[in-house]
Amino acid sequence: MSAAALNTQFGIEGQLSFREDASGLVVAEINNAQGRASLCLQGAHLMSWQPASQAVPVVWLSRDAKMAAGKSIRGGAPVCWPWFGAHATESSFPGHGYARTVPWQVIESGSEPNGATRLTLRLVVSDKTRAQWPHDCNLDLTVIVGETLRMEMTTENTGANDFVIGEALHTYLQIGDIGAVRVTGLEGCEYWDKVGGSNLRRQDGAIGFAGETDRVYINSGAECVIEDDKLKRRIHIAKSGSLSTVVWTPWTEKANKMGDMGQPDGWREMVCVESANALDNLVTVAAGARHTLIVEYGAVSF
Ligand code: TA6
């Protein structure tokens with residue numbers, strides 16, 4: 001659907017509009033009294049979010065982020081689905097699944113009683129998606145943008161057979177500097193340390209960063225907090241329907257190899273804290289059932 005048709009059917013005067021980016025991709029722009037956000041319809045990819053109370057965005061977007069059909073965008077909140085990480089058997093299938101690089105359609109929009117703006121999108125099933133995932137299902141994402149950011153990702157199994165998914169909202173949070181933050185809430189949790197192999201460890205105290213960090217914390221529905229001593233704010237990440245939390249920074253060498261993290265050191269201004277179901281926490285969605293992963297972000301200055 002064109003931006004013009006989307007504006008007619010789903011636009012909300014003074015809150016929600018759609019535009020066509022130079023790349024040809026359609027972007028939803030949300031701007032209300034409580035905050036603003038941008039979301040690319042491809043991948044239902046929320047690219048940025050800044051509550052009115054914050055002088056600096058809370059969701060980070062690389063200054064080198066590229067927008068192109070079929071390509072993932074560096075930053076924001078990529079949708080990883082229906083698997084997380086590498087596909088279990090098909091090395092030719094895209095890492096983190098295909099959901100973030102295929103078209104989604106808008107199915108609903110509205111204003112919340114508190115003035116926040118709601119937008120719901122559905123992944124468009126195609127021959128391409130069925131070739132990688134031959135199950136009858138719907139994947140919907142609802143975002144509610146205001147002083148907080150709420151994201152609800154629902155998998156509906158419309159077929160006759162159970163299936164198993166891995167998933168994540170792979171969110172990049174904006175910070176002052178990776179050396180001046182710590183993540184709390186995962187103390188005592190087991191995690192798979194993916195740096196230098198895959199080793200099961202247990203978190204001791206808050207998470208600080210002094211090098212590449214790539215960890216999948218398992219069996220935890222805990223709320224996490226990013227304590228940012230440079231921006232003097234806390235980012236709260238509360239979730240439900242998710243038992244894994246992925247914490248990731250690429251650090252210098254990997255960031256330079258990636259090439260789109262914002263040279264020379266844009267990577268220092270982000271950390272990923274991802275609400276997921278991965279590894280030990282894969283989800284079986286029974287025939288006819290639904291599963292929803294919900295995460296809500298808030299930022300409080302101190
Ligand atoms: O979630 C952490 C991670 O799996 C890292 O291993 C790294 O690959 C990151 O995701 C980024 O993946 P992407 O496919 O978006 O470049």
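Bear in mind that the values here come from a model prediction, so they are computed numbers and not experimental data.

Draft legend 1. Main features of the pairing of strand β7 (residues 117–123). Of all 7 residues in β7, 5 are buried; the element is thus mostly enclosed. Pairing between strand β6 (residues 104–111) and β7: 7 bridges, direction antiparallel. Across the sheet, residue Glu108 finds its bridge partner in β7, namely Thr120. In this structure, β7 lies alongside strand β8 (residues 137–145), joined through 6 bridges in antiparallel fashion. In the strand pairing of β8, Thr117 is matched with Val145.

Draft legend 2. Just the side chain of Thr245, in detail. With respect to the secondary-structure elements, Thr245 resides in strand β19 (residues 244–249). Judged by its relative accessible area of 2%, Thr245 is buried. Within the structure, Thr245 has its side chain in polar contact with the side chain of Lys239 (distance 2.8 Å). For Thr245, the contacting residues outside a window of four places in its chain are Leu186, Arg215, Val216, Tyr217, Ser220, Cys224, Lys239, Val273 and Glu274.

Draft legend 3. Region of interest: the sheet that holds strand β3 (residues 35–40). The antiparallel open sheet is built from 4 strands, whose spatial order is β1-β2-β3-β4. Whereas interior strands pair on both sides, the edge strands pair on one side only; in this sheet they are β1 (16–20) and β4 (45–51). Averaged over all pairs of adjacent strands, the angle between strand axes in this sheet comes to 15 degrees, irrespective of strand direction. Alignment of strand β2 (residues 26–32) against β3, held across 6 bridges, turns out to be antiparallel. Paired with Ala28 across the strands is Leu39, a residue of β3.

Draft legend 4. View of the site of the ligand. Around the ligand, the neighbouring residues are Arg74, Phe84, His96, Arg100, His170, Lys194, Asp214, Val246, Trp248 and Glu274. Measuring from an oxygen atom of the ligand, one finds a side-chain N or O atom of Arg74 at 3.0 Å. Bound to the protein, the ligand loses 78% of the 390 Å² it would expose on its own. Along the lines of polarity and charge, the residues of the shell around the ligand split into 3 nonpolar, 2 polar and 5 charged.

Draft legend 5. Just the environment of Ala278, in detail. Here Ala278 is to be found in the loop between β20 (270–277) and β21 (283–285). Residue contacts for Ala278: discarding those within four places in its chain leaves Phe84, Val216 and Ser244.

Draft legend 6. Structural detail: the side chain of Asp193. Structurally, the position occupied by Asp193 is in strand β14 (residues 190–193). Separated by 3.0 Å, the side chains of Asp193 and Arg201 make a polar contact. When residues no more than four places from it in sequence are discounted, the contact partners of Asp193 are Ser198, Asn199, Arg201 and Asp214.

Draft legend 7. Structural detail: the pattern of salt bridges. Per the counting criterion, the structure on display carries 18 salt bridges. Its salt-bridge partner being Glu212, residue Lys254 comes within 3.1 Å of it at the nearest N-O pair. Of this pair, Lys254 sits in helix α3 (residues 251–258) while Glu212 sits in the loop between β15 (199–202) and β16 (213–217), placing them 42 residues apart in sequence. Taking relative accessible area as the criterion, Lys254 reaches 37% and is therefore assigned partly exposed.

Draft legend 8. Layout of the pairing of β4. Counting buried positions along β4 gives 6 out of 7 residues, so the element sits mostly inside the fold. Across 6 bridges, the pairing between β3 and β4 is antiparallel. Note that in β4 the partner of Gly35 across the bridge is Pro51. What sits between β3 and β4 in their antiparallel hairpin is a turn of 4 residues, with Gly43 showing a positive phi close to 80 degrees.

Draft legend 9. Representation of unusual backbone geometry in the model. With an omega of 0 degrees, the peptide bond between Trp81 and Pro82 qualifies as cis. For Pro82, the position within the fold is in the loop between β5 (79–80) and β6. At the junction of Gln263 and Pro264, the peptide bond is cis and its omega measures out at -5 degrees in the coordinates. Structurally, Pro264 is set in the loop between α3 and β20. In this structure, Asn219 takes a positive phi of about 55 degrees despite not being glycine.

Draft legend 10. Spatial organisation of the state of the cysteines. For the structure shown, the criterion picks out 0 disulfides. Unpaired in this structure, Cys137 has its nearest cysteine sulfur neighbour in Cys80, at a distance of 16 Å. In this structure Cys137 comes out as buried when scored by relative accessible area, which is 9%. We note that Cys272 lacks a disulfide partner, and the nearest cysteine sulfur, in Cys80, lies 9.1 Å from it.

Reading guide: rules and limits
- Residues numbered from 1 in each chain as written.
- Predicted model: local features only at pLDDT ≥ 70, side-chain atom pairs only at ≥ 80, totals over all residues.
- Heavy atoms only, no water.
- Buried < 20%, exposed > 50% of the residue type's maximum accessible area, 1.4 Å probe, protein only.
- Helix = DSSP H or I, 4+ residues; strand = E, 2+ residues; numbered from the N terminus.
- Pairing = 2+ DSSP bridges.
- Polar contact = N/O pair within 3.5 Å; in protein donor to acceptor, adjacent residues only side chain to side chain.
- Contact = heavy atoms within 4.5 Å.
- Axes fitted to C-alpha atoms, helices over the stretch in contact; angles between N-to-C directions.
- Near = heavy atom within 4 Å.
- Areas by Shrake-Rupley, 256 points an atom, 1.4 Å probe, with all protein chains shown as cover.
- Nonpolar A, V, L, I, M, F, W, Y, C, P; charged D, E, K, R; others polar.
- Salt bridge = Lys/Arg side-chain N within 4 Å of Asp/Glu carboxyl O.
- Disulfide = S-S within 2.5 Å.

These values are about where atoms sit, not about what they do.
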